[in-house]
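Letter by letter, the chains look like this.
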Amino acid sequence: MNASSTQPDTIMALSTATGGTLGIIRLSGPKSGEAIMALTRKKLPPSRYAQFAQLFHPKTDKMLDEVVVIHFEGPNTFTGEDLAEIQMHGGRAVIQSVLQALRECGVPLRYAEAGEFSKRAYLNGKIDLTKAEAIADLITAETESQAELALVQLGGALHDQYEDWRQQIIRLLAYAEAHIDFVDEEDVPPELFDNITPQVHKLIGDLHAHLDDQGLGERLREGFVVTLIGAPNAGKSSLLNALAKRDVAIVTPTAGTTRDMIDVPLNLGGLPVIIVDTAGLRETSDEIEAEGVRRARLRATQADLVIALFDATQPDDEATLKAINDKTIRVATKKDLLTDSKQSGLAISTQTGEGMPELLSAITTILREKIEPLRDRATPLLTRARHREHANDALEHLERCLEGIKMNVPVELTIEDLRLAARDLGRLTGRVDVEDLLDVIFRDFCIGK
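> Quick one: what's the story with the pattern of salt bridges, residue by residue and with numbers?
The tally for this structure, following the rule as stated, stands at 24 salt bridges. The salt bridge partner of Arg-166 is Glu-163, with a shortest N-O separation of 3.2 Å. Within this pair, Arg-166 and its partner Glu-163 are both found in helix α6 (residues 157-181), separated by three residues, close to a single helical turn. If you follow the salt bridges from partner to partner, you end up with Glu-133, Asp-137, Arg-221, Glu-222, Arg-384 and Arg-386 in one network.

> Break down the nonpolar core for me, citing the residues and quoting the values.
In this structure, Leu-220, Leu-239, Ile-275, Ile-307 and Ile-363 are the most contacted members of the largest nonpolar core, which totals 29 residues. Looking at this core, the element that brings in the most residues is helix α12 (residues 356-375), giving five residues. Listed in part, the 28 residues of the second largest apolar core include Trp-165, Leu-203, Ile-204 and Leu-398.

> I'd like to hear about the packing of helix α13 (residues 385-406) against helix α14 (residues 411-429), residue by residue, with values.
One can describe the packing of α13 onto α14 by two numbers: an axis separation of 8 Å at closest approach and a directional angle of 165°. As far as their axial angle goes, α14 and α13 are roughly antiparallel. Crossing angle aside, the handedness with which α13 passes α14 is left-handed. Where α13 abuts α14, its residues Arg-386, His-387, His-390, Ala-391, Asp-393, Ala-394, His-397, Leu-398, Arg-400, Cys-401, Gly-404 and Ile-405 lie against Thr-414, Asp-417, Leu-418, Leu-420, Ala-421, Arg-423, Asp-424, Leu-425, Arg-427 and Leu-428. Broken down by class, the residue content of the contact of α13 with α14 amounts to ten nonpolar, five polar and seven charged.

> Can you break down helix α10 (residues 287-302) residue by residue, with the values?
With 16 residues, α10 should cover 22 Å at 1.5 Å per step; its first-to-last C-alpha distance of 23 Å lies within 8% of that length. Those residues of α10 that fall on the buried side of the exposure criterion are Glu-289, Gly-292, Val-293, Ala-296, Arg-299 and Ala-300. Projected down its long axis, α10 carries its buried residues within an arc of 125°, all on one side. Exposed side of α10, more than 90 degrees from the buried face: Glu-287 and Thr-301 are the residues found there. Of the surrounding elements, those touching the buried residues of α10 are β7 (224-230), β8 (262-268), β9 (271-277) and β10 (305-311).

> Quick rundown of a nonpolar patch on the surface? Include the residues and the values.
On the surface, Met-407, Val-409 and Leu-413 cluster together into a nonpolar patch covering about 290 Å² of accessible area. Positionally, Leu-413 belongs in helix α14. The exposure class assigned to Leu-413 is exposed, which follows from its relative accessible area of 54%.

> Outline the side chain of His-387, listing residues and values.
Here His-387 shows up in helix α13. Reaching out from His-387, the side chain makes a polar contact with the backbone nitrogen of Thr-383 at a distance of 3.5 Å. With near-sequence residues (within four places) excluded, His-387 lies in contact with Glu-133, Gln-153, Leu-158, Tyr-162, Leu-382 and Leu-428.

> Can you lay out the sheet that holds strand β4 (residues 63-72) for me, pointing to particular residues and giving the numbers?
Backbone hydrogen bonds are what pair the strands of a sheet, in a parallel or an antiparallel way. With mixed pairing, the six strands of this open sheet are ordered in space as β3-β4-β5-β2-β1-β6. In this open sheet, the two edge strands, each paired with only one partner strand, are β3 (50-56) and β6 (109-111). Within this sheet the neighbouring strands show an average axis-to-axis angle of 30°, counted without direction. As paired elements, β3 and β4 share seven bridges and run antiparallel to each other. Looking at the pairing, Ala-53 lines up with Val-67 of β4.

> Go over the confidence of the model for the protein chain with me, naming the residues and quoting the values.
Interpretation of this model should avoid reading the predicted coordinates in detail wherever pLDDT is low. Considering every residue of the protein chain, the mean pLDDT works out to 86; 87% of them sit at 70 or more. Taken together, the stretch residues 1-5 has pLDDT below 50 and engages in six contacts with residues farther than four places along the chain or on a different chain.

> A description of the environment of Glu-142 should follow, citing residues and the corresponding values.
Structurally, the position occupied by Glu-142 is in the loop between α4 (129-140) and α5 (144-154). Given a relative accessible area of 63%, Glu-142 falls into the exposed group. Between the C-alpha atoms of Glu-142 and Asn-267, which are 125 residues apart in sequence, the distance is 7.3 Å.

> Explain the sheet that holds β8 residue by residue, including any values.
Spatial strand order, β8-β9-β7-β10-β11: five strands in an open sheet with mixed pairing. The two strands at the open ends of the sheet, each matched to only one other strand, are β8 and β11 (328-333). Across this sheet, the average inter-strand angle for adjacent strands is 25°, counted without regard to direction. With five bridges joining them, β7 and β10 adopt parallel strand pairing. Each bridged residue has a counterpart across the sheet, and for Ile-229 the counterpart in β10 is Ala-308.

Rules used in this analysis
Starting from 1, residues in each chain are numbered consecutively following that chain's sequence as written. Since the coordinates come from a predicted model, pLDDT governs what is reported: local features require at least 70, and pairs of side-chain atoms require 80 or more to be given and counted, while whole-chain, interface and lining totals use all residues. Here the side-chain values reflect all heavy atoms present in the structure, with hydrogen atoms and water set aside. For this document, the term salt bridge refers to a Lys or Arg side-chain nitrogen within 4 Å of an Asp or Glu carboxyl oxygen. Helix and strand definitions here come from DSSP, where helices need a minimum of 4 consecutive H or I residues and strands a minimum of 2 consecutive E residues; each element is numbered from the N-terminal end. Nine residue types can take part in a nonpolar core, namely buried Ala, Val, Leu, Ile, Met, Phe, Trp, Tyr and Cys, and a core is a set of them joined through side-chain atoms within 4.5 Å. A simple rule labels every residue: compare its accessible area, found with a 1.4 Å probe on the protein chains alone, to the largest value its type can have, and call it buried under 20%, exposed over 50%, or partly exposed in between. Angles run from 0 to 180 degrees between N-to-C directions of axes, and those axes are lines fitted to C-alpha atoms, restricted for helices to the stretch in contact. Orientation is classified from the angle alone, with under 35 degrees giving roughly parallel, over 145 giving roughly antiparallel, 65 to 115 giving roughly perpendicular, and any other angle giving oblique. Left-handed describes a crossing in which the near helix is turned anticlockwise from the far one by less than a right angle; the clockwise case is right-handed. A contact between two residues is defined here by any heavy atoms of the two lying within 4.5 Å. The nonpolar class holds Ala, Val, Leu, Ile, Met, Phe, Trp, Tyr, Cys and Pro. Asp, Glu, Lys and Arg form the charged class, and all remaining residues, Gly among them, are polar. To estimate the expected span of a helix, count its residues, drop one, and scale the result by 1.5 Å. Relevant arc is that of directions from the helix axis to the C-beta atoms, nothing else. Residues qualify for a patch when their relative accessible area is over 30% and they have no salt bridge, like charges being joined within 9 Å and the nonpolar side chains of Val, Leu, Ile, Met, Phe, Trp and Tyr within 5 Å. Computed by Shrake-Rupley with a 1.4 Å probe, the accessible areas treat only the displayed protein chains as cover when residues are assessed. N or O atoms closer than or at 3.5 Å make up a polar contact, with two conditions inside protein: a donor-capable atom paired with an acceptor-capable one, and, for residues adjacent in sequence, both atoms drawn from side chains. By definition, two strands form a pair when at least two bridges between them are found by DSSP. What pLDDT conveys is the predictor's confidence in a given residue, as a value from 0 to 100.

As structure tokens, this is what we get:
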């Protein structure tokens, strides 16, 4: 914002990727319409009407492009301010010339910071923080499930749930404060404060159910972790390359080539998955390789799914057998080298592609089974650590409130926990005390969003 004026700055940004057939420049702020008129040399079209126009450089009079301009009068816009769009051809030279012309048109404009359009929408009450985060997630979604999760949140599911709980607590506060202020009044029943207990019980149960999601929302947003383990030369790096359909990891006959983890995000059956290649499991005197083995075992315990690879031409190695847990798919590799075609279990060849469709099917089936029980939950999924932290804090304050009621703690102290619980839920949507969060939330946005 401009410190010398009560009006906000007018900002501009390219809102489309460069190199496409269409480019869109967005402007937001009180000078948006004035900037459009400076380049088109025409009066503004009526609000929300598209107008065909030619753009001219304000100093050289050179025609820059033939475009469509749209002006949106605030406050009924995405940002809550006057907003404008220039829809032009997408060539880099054209876009740069129009941006430069806007800078030189005599209207005070500046380039928008990352996420500034969405930040203004939040500050002007057009969206809450959960919807702002959903916009960022939708922009970066790479799988169907990620887009679906972001759309649910953008539709207000999280906001509505948190705001409903907050309003319930505010009503409880009103009851409790009435007990304090009017306890001697005949028209306030003595059992008024006692009526709070079952409602706090219910809120605690609702929050417990909300938090008991096995971290699924974060997994859908960030990716399920699938870790590959096995002895050196069992085929882990070859499988990683086959799944990624490119050479991500170095593959050589030399044992111990992979010494550190390699994480590759993939879209498997519409699900976001992070495949982790690890060091071969074996005893070694090499300090660096030994650290890689230790990390491999650790990642196997932390993964959503483990794929244990065994060289089908060799006896099963003990180190890999010991690392198998209840999240493990056992897979035989190098199927193309087998002379016995009756190999039992899941067997693959990254050279010929044999067994790969079956392995992919097994992976996606197991991950989808993790999702299904939670699809019909009563409350929406949490998608960020920030959500979980504030929801947990609210739950703790409600539990402390309930404990205070049971122990006959002074009412003034008990209702303070209700206030703190309402504050924590308000922080989730951005209603209270979130100034320190704004830069963190919006800094990862694209320019122009």
